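Fold and contact review
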Amino acid sequence: MTQAYNFSAGPAMLPQEVLLRIQEELIEYENSKASVMEISHRGVDFMEAAQKAEKDLRELLKIPDHYKVLFLQGGASAQFSMVPINLLRGGSKANYANTGHWSVKAIAEAKRYCDVNICTDSSGNNFTDIEDFHDWKVDEDAAYFHYTPNETIAGLEFDYIPDVSMPIAADMSSTILSREIDVSKYGVIYAGAQKNIGPSGLTIVIVRDDLIGHPVNGQPKLFDYATQANNDSMFNTPATFPWYVAGRVFEWLKEQGGLSAMQKINKAKAETLYSAIDNSDFYSNPVSIKYRSWMNIPFLLADEKLKSKFLERSKDSGLLALKGHRSVGGMRASIYNAMPQEGVDALVSFMNDFEKDFG
Ligand SMILES: *Cc1c(COP(=O)(O)O)cnc(C)c1O
């Protein structure tokens, strides 16, 4: 067993129990006498795993029956196109909140399909704060509203669901399953798996039935939600191995007590790290307190010149992948579901020691 804690933003740490389980059944999966990677996606063994994964995800997120759950490929980035393709439904305008790096990418893609109304723009404060919702400029005639509930790079997270009249599309790649959410408030929720679900190569899409089946003409058939929904996400060969691993992660989450338990654990982990940062003059986090992410916590050193020393020493102490995104600088600790409280405690204790030595 590794003694290291991996703070990577994605592909990210998986629960050790899940990795061990996968290792145990890697060569022969259930009764198939072959690896789960080697069997047909249409065979009984894989179909059972696939359906169980969906059932557990539905239970964890309390997904209403009038939503489809799709297990796709192409990452969250493919959804940047699939959302406008499917949600415009004859309309020519969409609302987007610009609250970070991933919002910017989603907006750029949407502009290829429609007029984008930016309801609110956090670029002026380097994505460290969100304008009060009452001051947003929401276009009531737009076909849908898109936002990124948790911005993975700057560490900016909404603590509410914007109250708009049109369907909401949400890029939940780095926050899905970290806390309880009310799925019925959304039109589409999507997430690349590699943050909080499983290995890369899988994208989960949760979409309300009435938003399926009205694609923009002339777009790839594979990008029509109906194509995948009508074929149980098996129109073409799905990402079978990541799908199976995601199923094991969902089982693990249920064993932890589901999302109400994860929410408490994640809140406590984030509080531990933010209070260590706030109680020191040596470390700082620039994000407005109300909108601080529970999952991705960037922090700066008072003396940026110490950064390489910090990274070298933390790695030697078994604290991996703490380098911040180049657009923010400093460090970033991603503390998704698989990161235990002990990992955050180990990081805080390392930070205190480092400050004693170099502060
Ligand atoms: C990582 C990430 C993405 C990009 O996901 P891909 O699967 O690489 O396309 C998009 N949005 C958010 C919020 C992310 O964290």
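Computed from a prediction, not measured in an experiment: that's the story for all the values here. All chains use their own residue numbering, which begins from 1 and follows the written sequence. For a predicted model such as this one, the threshold for reporting local features is a pLDDT of at least 70, and the threshold for listing and counting side-chain atom pairs is 80 or more; totals across whole chains, interfaces and linings nevertheless cover every residue. Side-chain numbers here rest on the full set of heavy atoms in the structure, without hydrogens or water.

1. A few points about the overall build of the protein chain
Here is the rule: The helix count covers DSSP runs of H or I at least four residues long, the strand count covers runs of E at least two residues long, and both are numbered beginning at the N terminus. In this setup the radius of gyration rests on C-alpha atoms only. A globule is expected at 2.2 Å times the number of residues raised to 0.38. Two residues form a contact once any of their heavy atoms are found within 4.5 Å. For the area figures, the Shrake-Rupley method with a 1.4 Å probe applies, and any residue is considered shielded solely by the protein chains shown. Under the convention used here, Asp and Glu are negative, Lys and Arg are positive, and both His and the chain ends fall outside the count. The atom standing in for a charge is NZ when the residue is Lys, CZ when it is Arg, CG when it is Asp and CD when it is Glu.
Looking only at helices and strands, the protein chain has nine helices and 14 strands in total. A globule of 359 residues ought to have a C-alpha radius of gyration of about 21 Å, and the protein chain, at 21 Å, matches this closely. With the C-alpha coordinates aligned to their principal axes, the bounding extent of the protein chain is approximately 60 × 60 × 30 Å. Sequence separation of at least 24 residues holds for 65% of the intrachain contacts in the protein chain that already meet a minimum separation of 6. For the protein chain, the exposed surface amounts to about 15,600 Å²; the carbon and sulfur share of it is 49%. Charged side chains in the protein chain number 35 positive and 47 negative. The centres of these two groups are separated by 3 Å.

2. Comments concerning the packing of helix α1 (residues 16–25) against helix α6 (residues 240–255)
Stated precisely, the cut-off is as follows: Working convention: axes come from line fits to C-alpha atoms, limited for helices to the stretch in contact. Angles between N-to-C directions cover 0 to 180 degrees. Note on terminology: angles under 35 degrees are roughly parallel, angles over 145 are roughly antiparallel, angles of 65 to 115 are roughly perpendicular, and the others are oblique. Each crossing is labelled by how the near helix is turned from the far one, with a counterclockwise turn of less than a right angle marking it left-handed and a clockwise turn marking it right-handed.
Running from N to C, α1 and α6 cross one another at 130 degrees; their axes reach a closest spacing of 10 Å. Between α1 and α6, the interaxial angle falls into the category oblique. Helix-helix and strand crossings are classified by hand; for α1 and α6 the assignment is right-handed. Facing Glu-17, Val-18, Arg-21, Ile-22 and Glu-25 of α1, the residues of α6 in contact are Phe-241, Tyr-244, Val-245, Arg-248, Val-249, Glu-251 and Trp-252.

3. Re unusual backbone geometry
How we decide: Exposure is judged per residue with a 1.4 Å probe applied to protein chains only, and the accessible area is read against the type maximum: over 50% gives exposed, under 20% gives buried, and values in between give partly exposed.
The omega angle of the peptide bond from Gly-10 to Pro-11 is -10 degrees, so this bond is cis rather than trans. By the element assignment, Pro-11 lies in the loop between β1 (5–6) and α1. Its identity as a non-glycine residue notwithstanding, Arg-89 has a phi of 45 degrees, on the positive side. In this fold, Arg-89 is placed in the loop between α3 (75–87) and β3 (93–98). A relative accessible area of 32% places Arg-89 in the partly exposed class. Positive phi values are uncommon outside glycine, yet Asn-126 reaches one of about 55 degrees. Inspection of the secondary structure puts Asn-126 in the loop between β4 (115–121) and β5 (145–147).

4. As for a negative patch on the surface
Defined as follows: Residues form patches when they are more than 30% accessible in relative terms and have no salt bridge. Like charges link within 9 Å. Nonpolar side chains (Val, Leu, Ile, Met, Phe, Trp, Tyr) link within 5 Å. A pairing counts as a salt bridge when a side-chain nitrogen of Lys or Arg comes within 4 Å of a carboxyl oxygen of Asp or Glu.
Residues Asp-121, Glu-131, Asp-132 and Asp-135 make up a contiguous surface patch of negative charge. A relative accessible area of 44% means that Asp-135 is categorised as partly exposed.

5. What to know about the sheet that holds strand β14 (residues 331–334)
Note the threshold: Paired strands, in this sense, are two strands between which DSSP finds at least two bridges.
Read from one edge of the open sheet, three strands run β11-β12-β14, paired in antiparallel fashion. The open sheet has two free edges, formed respectively by β11 (283–284) and β14, since each of these has just one partner strand. In the packing of helix α7 (residues 258–278) onto the sheet, contacts are made with β11, β12 (296–301) and β14, and the angle to β12 comes to roughly 15 degrees.

6. Things to note about the sheet that holds β5
To summarise the sheet geometry, strands pair through backbone hydrogen bonds and adopt either a parallel or an antiparallel arrangement. Taken in spatial order, the seven strands line up as β2-β10-β9-β8-β5-β3-β4 in an open sheet, and their pairing is mixed. This sheet does not close on itself; its edge strands, each paired only once, are β2 (67–72) and β4. Neighbour to neighbour, the strand axes of the sheet diverge by 15 degrees on average, direction disregarded. As defined by bridge partners, β3 adjoins β5 across two bridges and the pair is classed as parallel. In the sheet register, Tyr-96 faces β5, and the bridge partner there is His-146. Across the sheet, helix α2 (residues 44–61) is in contact with β2 and β10 (203–208); its angle to β2 comes to roughly 125 degrees.

7. Brief notes about the nonpolar core
Test applied: For this analysis, a nonpolar core means a set of buried residues of the types Ala, Val, Leu, Ile, Met, Phe, Trp, Tyr and Cys, connected via side-chain atoms within 4.5 Å. Residue ranges for the domains trace back to a domain assignment, done automatically or taken from a database.
Ranked by internal contacts, the top residues of the largest apolar core, which has 55 residues, are Leu-177, Ile-206 and Phe-250. A per-element tally of this core places α6 first, with eight residues. Both domains that furnish three or more residues to this core are identified here as domain 1 (32–255) and domain 2 (258–358). The next biggest cluster of nonpolar side chains, apart from the first, holds 33 residues, and it includes Leu-273, Trp-294, Ile-297 and Ala-333.

8. Comments concerning the UniProt feature "modified residue: N6-(pyridoxal phosphate)lysine" (unreviewed entry) in the protein chain
For clarity, the threshold we go by: UniProt positions are given in the numbering used here, feature names are shortened, and annotations may be inferred rather than shown by experiment.
Annotation from UniProt places "modified residue: N6-(pyridoxal phosphate)lysine" (unreviewed entry) at Lys-195. Within the secondary structure, Lys-195 is located in the loop between β9 (188–192) and β10. Accessibility expressed as a relative area gives 13% for Lys-195, which makes it buried. Leaving out residues up to four positions away in the same chain, Lys-195 has contacts with Ala-9, Gly-10, Ala-12, Ser-173, Ser-174 and Tyr-336.

9. Quick look at the UniProt feature "domain: Aminotransferase class V" (unreviewed entry) in the protein chain
The sites that carry the UniProt feature "domain: Aminotransferase class V" (unreviewed entry) are, in the present numbering, residues 5–347. This span, residues 5–347, is 32% helix and 17% strand, and a straight line between its end C-alpha atoms measures 9 Å.

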